[in-house]
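# Architecture and fold: a report
So the chains spell out like this:
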Amino acid sequence: GLSGAQAVMSLLLVALRRHDEAIVAAERACELAPGNFDAILRAAVVLTYAGHYEDALPRFDLALRMSPKDPLLYGAYQVRSVALFGLQRYADMVGSLQRVSRQLPQWVEAHTMMAAGFIGQGQPAQAAQAIASARKLDSRLTVRRVMRRHPLRIEADAARLAAFLRDAGLADA
């Protein structure tokens, strides 16, 4: 219903980098359908890309508790790792992604975000290994393609993520 429409609209607004409007739509979806898994998860995603990392994490954790077997949870973990990246919590980020990656070894994005987390921890060898794993799964992977999936409002965080991916050995284009 209306909540779902608001939730979808919030993600579209994020993709268009209209972060403030996206937050309003996401919060409205949560009001219209309190306790709705999709609305909570989408709000977490919107808050992450808008740079409200601290606010996003409890929403992710709530959604993950509500539906621990949801087939789309890897997406939640992916964006949750972006929030952890924003907070420079690199060890948490890597640990979380390693757990999900064990269940979904074909999931490319886990390896790319793990690589960024390893660079953040000063572990370039592990980062290079993660990029090698990602490129085995997707030979056309580039920094630009990864960054297109992450419409971060905070330019400094986007720049740091791109730089970390380059440091891990991923080509720009």
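Before reading further, recall that the structure is shown in the block above.
Now for a quick tour of the structure. (Residues numbered from 1 in each chain as written. Predicted model: local features only at pLDDT ≥ 70, side-chain atom pairs only at ≥ 80, totals over all residues. Heavy atoms only, no water.)

### Some points on the overall build of the protein chain
- A tally of helices and strands in the protein chain yields 10 helices and 0 strands.
- Its helices and strands taken in sequence order, the protein chain reads α-α-α-α-α-α-α-α-α-α from the N to the C terminus.
- Counting only contacts in the protein chain whose residues sit at least 6 apart along the sequence, the fraction spanning at least 24 positions is 58%.
- Carbon and sulfur atoms form 54% of the exposed surface of the protein chain, whose accessible area is close to 8,400 Å². (Helix = DSSP H or I, 4+ residues; strand = E, 2+ residues; numbered from the N terminus. Contact = heavy atoms within 4.5 Å. Areas by Shrake-Rupley, 256 points an atom, 1.4 Å probe, with all protein chains shown as cover.)

### Looking at the side chain of Ser 96
- Residue placement: Ser 96 occurs in helix 6 (residues 90-103).
- Relative accessible area serves as the criterion here: at 2%, Ser 96 is assigned to the buried category.
- Residues within four places of Ser 96 in sequence aside, it is in contact with Tyr 77 and Arg 80. (Buried < 20%, exposed > 50% of the residue type's maximum accessible area, 1.4 Å probe, protein only.)

### Comments concerning the pattern of salt bridges
- Inspection of every chain in the model, using the stated rule, returns 6 salt bridges.
- Between Arg 149 and Glu 109 there is a salt bridge, with its nearest N and O atoms 2.3 Å apart. Of this pair, Arg 149 sits in the loop between helix 9 (143-148) and helix 10 (155-167) while Glu 109 sits in helix 7 (residues 108-120); the two residues are 40 residues apart in sequence, bridging distant segments of the chain.
- The class for Arg 149 is partly exposed, based on a relative accessible area of 34%.
- Among the ionic pairs, Asp 138 bridges to Arg 145, the shortest N-O distance being 3.3 Å.
- Look at Arg 145 and you get partly exposed, because its relative accessible area is 22%. (Salt bridge = Lys/Arg side-chain N within 4 Å of Asp/Glu carboxyl O.)

### Regarding the packing of aromatic side chains
- Inspection of every chain in the model, using the stated rule, returns 4 aromatic pairs.
- A ring pair is formed by Tyr 74 and Trp 107, whose centres lie 5.6 Å apart and whose planes are at 70°; its orientation type is edge-to-face. Taken together, the positions of Tyr 74 in helix 5 (residues 73-86) and Trp 107 in the loop between helix 6 and helix 7 put the pair 33 residues apart, joining distant regions of the chain.
- Taken together, a centroid distance of 5.8 Å and an interplanar angle of 50° make the contact between Tyr 90 and Phe 164 tilted. Remark: Phe 164 occurs in helix 10 and Tyr 90 occurs in helix 6; sequence separation between them is 74 residues. With respect to class, Tyr 90 is no different from Phe 164; both count as buried.
- Each residue in the set Phe 85, Tyr 90 and Phe 164 is aromatic and connected to the rest through ring pairs, giving one cluster.
- Geometry around Phe 85 places Arg 160 over its ring, the cationic atom sitting 4.2 Å from the centre. (Phe/Tyr/Trp six-rings, centres within 6.5 Å; stacked < 30°, edge-to-face > 60°. Lys NZ or Arg CZ within 6 Å of the ring centre and 35° of its normal.)

### What about the layout of surface pockets?
- Taken as a whole, the second largest pocket holds about 200 Å³ of empty space.
- Among the elements that make up the lining of the second largest pocket, the one with the highest residue count is helix 5 (3 residues). (1 Å grid on protein atoms, 1.4 Å probe; cavity = no way out; pocket = protein on both sides within 12 Å on 5 of 7 lines; lining within 4 Å. Points joined across faces, edges and corners; volume = space filled by probe spheres on them.)

### Points about a nonpolar patch on the surface
- A cluster of nonpolar side chains, Leu 72, Tyr 74 and Leu 104, forms an exposed patch at the surface whose accessible area comes to about 270 Å².
- With a relative accessible area of 33%, Tyr 74 lands in the partly exposed category. (Patch = residues over 30% accessible without salt bridge, like charges linked within 9 Å, V, L, I, M, F, W, Y side chains within 5 Å.)

### Focus on the side chain of Asp 157
- Positionally, Asp 157 belongs in helix 10.
- Non-local contacts of Asp 157, meaning those with residues more than four positions away in its chain, are made with Tyr 53, Phe 85, Gly 86 and Leu 152.

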